[in-house]
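# Notes for the structure review
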Amino acid sequence: MLGDKWSDATIKNAIRLHFGCGTTGYELLLHQGYPLPSLSTLKRHLSSFLFNPGILVEVFQLLKLKAEAMDPHDKLCILTLDEVALKASTDYDIKSDELLGQVTLPKHEGDATKALVYMLGGVASRWKQTVAYHYTSNSIDGTVMGEIAIEVIRAAEVMCVTSDMASSNQAMWK
């Protein structure tokens, strides 16, 4: 298969297979001569995804593929919201051809000083994945955070939501 272009369907099936049997299992299949894209081809395909602020739609698509190989109870998850402090700066992103450093949370503006991260994690099995994020400032409207959380809850089998007691989180819960 050297030099051949893999179809999108083949790449998708290979990613599903990789999720199902893990890297070691996938490498074993390659070693045994199964006609599958190499791991570097899968990584190159995944690196073409854009991870712009907001709901990470492509990540949800990959989670859906991964969930097909999971037992029903392993799909149950928890949504965690947390903020990470950032150093305020402006940087150029070559891939998106954009300047980064401004707030991306809807109905907010200014220089970004934090990243608000929405992460799903398994309840009955060990897995976790960031599914949404936004750059924020020090002051956040909790209702906007809540709207994003509701979108994530609708897209996954979320059993509960956790957050710390930051003032923006308290406003969201109210």
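Structure shown above.
Overview of the structure. (Residues numbered from 1 in each chain as written. Predicted model: local features only at pLDDT ≥ 70, side-chain atom pairs only at ≥ 80, totals over all residues. Heavy atoms only, no water.)

## Section: the side chain of N169
Our working definition: Secondary structure counts use DSSP, requiring at least four H or I residues in a row for a helix and at least two E residues in a row for a strand, with both numbered from the N terminus. Burial status follows relative accessibility: with a 1.4 Å probe on protein chains alone, a residue under 20% of its type maximum counts as buried, one over 50% as exposed, and anything between as partly exposed. Here a polar contact is taken to be a pair of N or O atoms separated by no more than 3.5 Å, where protein atoms must pair a possible hydrogen donor with a possible acceptor and residues adjacent in sequence count only if both atoms sit in side chains. Every residue pair with non-hydrogen atoms within 4.5 Å of one another is taken to be in contact.
Take N169: it is sitting in helix 6 (residues 167-173). Look at N169 and you get buried, because its relative accessible area is 3%. A distance of 2.6 Å separates the side chain of N169 from the side chain of D164, its partner in a polar contact. Apart from residues no more than four positions distant in its own chain, N169 is found in contact with M145, S163 and D164.

## Structural notes on a nonpolar patch on the surface
To be explicit about the condition: Patches were defined on residues exceeding 30% relative accessible area and lacking a salt bridge, with like-charge contacts within 9 Å and nonpolar side-chain contacts (Val, Leu, Ile, Met, Phe, Trp, Tyr) within 5 Å. Each accessible area is a Shrake-Rupley estimate made with a 1.4 Å probe; only the visible protein chains count as cover when residues are assessed. In what follows, salt bridge is the name for a side-chain nitrogen of Lys or Arg lying within 4 Å of a carboxyl oxygen of Asp or Glu.
Residues Y92, I94 and L99 make up a contiguous nonpolar surface patch of roughly 390 Å² in combined accessible area. One can find L99 in strand 4 (residues 98-100). Note on L99: relative accessible area 62%, which makes it exposed.

## Describing the packing of aromatic side chains
Quick note on the threshold: Working definition: a ring pair exists when centres of Phe, Tyr or Trp rings (six-membered ring for Trp) sit within 6.5 Å. Plane angles under 30 degrees give stacked, over 60 give edge-to-face, the rest tilted.
In total, this model carries one aromatic pair according to the counting rule given. Ring centres 5.6 Å apart and planes at 75° place the aromatic pair Y133 and Y135 in the edge-to-face group. On the accessibility criterion, Y133 (16% relative accessible area) is buried.

## As for the pattern of salt bridges
Tallied over the entire structure, the rule returns two salt bridges. The salt bridge partner of R16 is E68, with a shortest N-O separation of 2.6 Å. Of the two residues, R16 sits in helix 1 (residues 8-31) while E68 sits in helix 3 (residues 57-68), which places them 52 residues apart along the sequence. Note on E68: relative accessible area 47%, which makes it partly exposed. For K114, the salt bridge identified is with E83, shortest N-O distance 3.7 Å. Of the two residues, K114 is situated in strand 5 (residues 114-122) and E83 in strand 2 (residues 77-85); the sequence distance between them amounts to 31 residues.

## Comments concerning helix 2 (residues 39-47)
Put simply, the rule is: For this quantity, the arc is that covered by the directions from the helix axis to the C-beta atoms.
Taken together, the buried positions of helix 2 are L39, T41 and L42. Mapping the buried residues of helix 2 onto a view down its axis gives an arc of 160°, with all of them on the same face. Among the exposed residues of helix 2, those oriented more than 90 degrees off its buried face are K43 and R44.

## Structural notes on the packing of helix 1 against helix 2
Rules: Fitting a line to C-alpha atoms yields each axis, with helices limited to the stretch in contact; the angle taken between N-to-C directions then spans 0 to 180 degrees. The labels follow the angle: roughly parallel below 35 degrees, roughly antiparallel above 145, roughly perpendicular from 65 to 115, and oblique for the rest. Handedness of a crossing is defined here by the sense of rotation of the near helix relative to the far one, left-handed for an anticlockwise turn of less than a right angle and right-handed for a clockwise turn. Classification convention: Asp, Glu, Lys, Arg as charged; Ala, Val, Leu, Ile, Met, Phe, Trp, Tyr, Cys, Pro as nonpolar; all other residues, Gly among them, as polar.
Two elements in contact, helix 1 and helix 2, have axes whose closest approach is 10 Å; the angle formed by their N-to-C orientations is 130°. Here helix 2 runs oblique to helix 1, going by the angle between their axes. At the point where helix 1 passes helix 2, the crossing takes the left-handed sense. Note on element contacts: helix 2 touches helix 1 through L39, T41, L42, H45 and L46, opposite D8, I11, A14, I15, H18, T23, Y26, E27 and L30. Among the residues forming the contact of helix 1 with helix 2, the class breakdown is eight nonpolar, four polar and two charged.

From the geometry alone we can't say anything about function, so treat these as descriptive.
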